[in-house]
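# Chains, contacts and geometry: an overview
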Amino acid sequence: ALVECGHDPDIVQTVTGFGEAGSALVSSSYVDKIIFTGSPGVGRLVMEGCSKNLKPVILELGGKDPMVFCDDVKIKDVVPWAMRGCFQNCGQNCCGVERLFVYESIVTEFIDTVLPRVKGLRQGVPLKTCGSDGDVDCGAMVMDAQMDHIQALVDDAVSKGATLHCGGKRNDKLDGQFYVPTLLSGVTADMKISTEEVFGPIMCIVTVPNDDDEKCVEMINACSFGLGSSVYSASQKRGMKIGKQLRSGMFTVNDFGVNYLIQSLPFGGVGESGFDRFAGPEGLRACCLERSIVEDRIPGVRTTIPSPIDYPIDIRKGLPFGTSLVNLFYNESLLGKIKAIFGLIKYG
């Protein structure tokens, strides 16, 4: 693709490896900037490594993205969004939905509608080379250690009162790193799963009491992560009002994940989700060395230093001339600027 577009094919190079390879790139004098995608813990290490050489860094870290379903939505219309948001890539998606805020008056109907769909998800290996017909919705977890992390979060939530409707364990029917798609409801702020990134196939339902928009915003912003967010409402005005109060780097009303698809938009978060942006004009500029360059635009016209403020400065004329010059540029009134012009003429 690079050659086709007339670029040097070596402009993009790939380095594979683990922590040692990443550390080498961070410390290398040949690398001018680091754009890191990963966990907040590793992100802090990357930032620390870059600080030794004052190397700029962009951090796109974890997410705990909320999806809000107001009381005026149609359940059948929003359930597909919840399924896609929570179970795409088996939940291993930085901008995946990790918290479903469902308004109290519709939460029972929502659970009754979504539960059969979660139970019906097909799990397995989708590759033909592994003997599969590809009839799979959720694959495996990338790392086995993540399975233990997910299990600990689920167990903690259940022990503190959350309802486990289905899943909540490794898939013992399959050989590999498979975690059964899980549905939890009654999730509250004291549970670790409310504030720690899951990165797995878990749908967590949080009930918004009394269908209260302000309470919903308060509950969402209590989390230290702030990558993406989405609000669904029959009233776009209401959805926007809620969304504008959410502390996140991205927001969609009655949609999900489109921020990432539209590459002309900047992508990134706030808080534990990192800082700065990639993609969009902001992302492209972030890969450049920004410089301020000034040149004369009118042929034959050159900037000179006025004699009253040329060194050694004329004590009698220098100060009033400088004052007039400042007023010409920065005085907000027209009369002030006119007086400044006369001052420049008088002391120039």
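Residue numbering note: each chain is counted from 1, following its sequence as written. In keeping with the model being predicted, local features are shown solely for residues with a pLDDT of at least 70 and side-chain atom pairs are shown and tallied solely at 80 or more, while totals for entire chains, interfaces and linings include all residues. To obtain the side-chain values, all non-hydrogen atoms of the structure were used and water was disregarded.

## Regarding the pattern of salt bridges
- Here, a salt bridge means any side-chain nitrogen of Lys or Arg that lies within 4 Å of a carboxyl oxygen of Asp or Glu. Applying the stated rule across the entire model yields 13 salt bridges.
- A salt bridge links Asp148 to Arg170, with the shortest nitrogen-to-oxygen separation between them at 3.0 Å. Of the two residues, Asp148 is situated in helix α5 (residues 144-159) and Arg170 in the loop between β5 (163-166) and β6 (182-185); the sequence distance between them amounts to 22 residues.
- Note on classification: 1.4 Å probe, protein chains only; a residue is buried when its accessible area is under 20% of the maximum for its type, exposed when over 50%, partly exposed between these limits. Residue classification places Arg170 among the partly exposed positions, given a relative accessible area of 32%.
- With its nearest N and O atoms 3.1 Å apart, the salt bridge here joins Lys160 to Asp156.
- Connected via shared salt-bridge partners are Asp71, Asp72, Asp213 and Arg238. The helix count covers DSSP runs of H or I at least four residues long, the strand count covers runs of E at least two residues long, and both are numbered beginning at the N terminus.

## Overview of unusual backbone geometry
- Of note, the bond from Tyr311 into Pro312 is cis; its omega dihedral lies within 30 degrees of zero at -10 degrees.
- Examined against the element boundaries, Pro312 turns out to sit in the loop between α9 (280-286) and α10 (315-330).
- One non-glycine residue with positive phi stands out, namely Asn210, at about 60 degrees.
- Summarising the element assignment, Asn210 is placed in the loop between β7 (202-208) and α6 (213-221).
- Using a relative accessible area of 66% as the deciding quantity, one classes Asn210 as exposed.

## Regarding the nonpolar core
- Ranked by size, the top nonpolar core spans 56 residues in total, and within it Phe69, Leu100, Phe110, Ile193 and Met203 carry the most contacts.
- Considering each element in turn, this core owes the most residues, 7 residues, to helix α3 (residues 75-87). In these notes, a set of buried Ala, Val, Leu, Ile, Met, Phe, Trp, Tyr and Cys residues joined through side-chain atoms within 4.5 Å is what counts as a nonpolar core.

## A look at the pairing of strand β2 (residues 57-60)
- Neither face of β2 is open: one carries Val57 and Leu59, the other Ile58 and Glu60, and all of them are buried.
- Where strand β1 (residues 34-37) and β2 come together, 4 bridges link them in parallel fashion. Considered in β2, the bridge of Ile34 is made with Val57.
- Bridging between β2 and strand β12 (residues 274-275) involves 2 bridges; their strand directions are antiparallel. Among the inter-strand pairings, Glu60 is bridged to a residue of β12, identified as Gly274. We treat two strands as partners when DSSP finds at least two bridges between them.

## Some words on the environment of Asp155
- With respect to the helices and strands, the residue Asp155 is situated in helix α5.
- Note on Asp155: relative accessible area 42%, which makes it partly exposed.
- For the pair Asp155 and Gly85, spaced 70 residues apart in the sequence, the C-alpha separation amounts to 22 Å.

## With respect to the packing of aromatic side chains
- Centres within 6.5 Å are what make two rings of Phe, Tyr or Trp a pair, Trp counting through its six-membered ring; a difference in plane orientation under 30 degrees is then read as stacked, over 60 as edge-to-face, and the rest as tilted. With the rule as written, the count across this model stands at 6 aromatic pairs.
- On the basis of an interplanar angle of 40 degrees and a centroid distance of 5.9 Å, the ring pair of Trp81 and Tyr232 is categorised as tilted. Taken together, the positions of Trp81 in helix α3 and Tyr232 in strand β9 (residues 230-232) put the pair 151 residues apart, joining distant regions of the chain.
- Residue Trp81 is classed as partly exposed on the basis of its relative accessible area of 31%.
- Looking at Tyr232, the relative accessible area reads 3%, which means it is buried.
- Taking the centre distance of 5.1 Å and the plane angle of 35 degrees together, the rings of Phe267 and Phe278 count as tilted.

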